[in-house]
Amino acid sequence: MGMTLTSTAFSADGSMPSIHTCDGRDLSPPLSWSGVPAEAKSLALIVDDPDAPDPAAPQRTWVHWVLYNLPTDAVGLQQGATVHTLPQGTREGSNDWKRTGYGGPCPPIGRHRYFHKLYALDIVLPDLHKPTKAQLEQAMHGHILEQAELIGTYQRT
């Protein structure tokens with residue numbers, strides 16, 4: 001069946017509620033997953049927006065959240081997850097606001113897509129010292145057993 005990633009806040013390709021955006025409380029959405037391969041040693045999560053700044057003429061991918069070394073026995077993240085509520089052992093990377101933690105959608109124009117990507121890895125990564133998405137992807141290279149994805153959308157009114 002493979003690994004799956006879902007949220008009770010929005011459906012696949014559905015609109016993300018404003019509570020998870022800069023127009024609301026900027027809380028991370030609740031996420032749940034299943035089907036993690038038995039041989040996995042850790043999980044990683046990257047949330048990004050490939051439509052920045054304008055979906056009609058995207059110029060870059062904006063990174064909203066970077067997590068790694070989530071334990072394989074974790075089954076999800078609660079709404080509004082913070083460094084204090086993340087599963088034990090989880091490490092944070094840097095987002096494109098140059099800080100750790102979740103930064104919600106705040107698109108300047110148009111409806112953007114937000115890719116929530118969960119990776120099952122065959123290793124526990126060393127301390128990468130708040131890696132960027134690119135640094136985490138480089139560290140994960142050759143160690144990804146499986147991947148799940150959930151896309152949410154958001155457009156400011």
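Structure report, in brief. The numbering scheme is per chain: residues are counted from 1 as the chain's sequence reads. In keeping with the predicted nature of the model, local features appear solely for residues at pLDDT of at least 70, side-chain atom pairs appear and are counted solely at 80 or more, and the whole-chain, interface and lining totals rest on all residues. As a rule here, side-chain values cover all heavy atoms of the structure and leave hydrogens and water aside.

Comments concerning unusual backbone geometry
And then number 1: Residue Ala52 is joined to Pro53 through a cis peptide bond whose omega torsion reads -10 degrees.
And then number 2: Of note, Pro53 is situated in the loop between strand 4 (42-52) and strand 5 (60-70).
And then number 3: The phi dihedral of Asn69 falls on the positive side, at around 60 degrees, and the residue is not glycine.
And then number 4: Each helix is a run of H or I in the DSSP string that is no shorter than four residues. Each strand is a run of E no shorter than two, and both are numbered from the N terminus. For Asn69, the location among the structural elements is in strand 5.
And then number 5: In this structure, Lys98 is a non-glycine residue whose phi angle is positive, near 65 degrees.
And then number 6: Position of Lys98 among the secondary structure elements: in the loop between strand 7 (91-92) and strand 8 (112-121).
And then number 7: Lys98 gets classed as exposed once you look at its relative accessible area, which sits at 71%. For each residue, the accessible area found with a 1.4 Å probe, counting protein chains only, is set against the maximum for its type, and the residue is called buried under 20%, exposed over 50%, and partly exposed in between.

Description of helix 1 (residues 133-140)
And then number 1: Of all the residues in helix 1, the buried ones are Lys133, Leu136 and Met140. Taken down its axis, helix 1 places every buried residue within 65 degrees of arc, on the same side. Exposed positions of helix 1 whose direction lies more than 90 degrees from the buried face are Ala134 and Gln138.
And then number 2: Residues of helix 1 that are buried sit in contact with strand 4, strand 5, strand 8 and strand 9 (144-154).
And then number 3: Gly142 occupies a position one or two residues after helix 1 and carries a positive phi of about 80 degrees. Within this analysis, the arc is defined by the directions that extend from the helix axis to the C-beta atoms. Contacts: residue pairs with any heavy atoms within 4.5 Å of one another.

Quick notes on the sheet that holds strand 1 (residues 4-6)
And then number 1: Read from one edge to the other, the open sheet built from three strands follows the order 1-3-6, with strand pairing classed as antiparallel. The sheet terminates laterally at strand 1 and strand 6 (76-77), the two strands that pair on one side only.
And then number 2: Here the rule is simple: two strands pair whenever DSSP picks up at least two bridges between them. Judged from the two bridges that link them, strand 3 (residues 31-34) and strand 6 form a sheet pairing that is antiparallel. Residue Leu31 lies in a different strand from strand 6, and its bridge partner there is Leu77.

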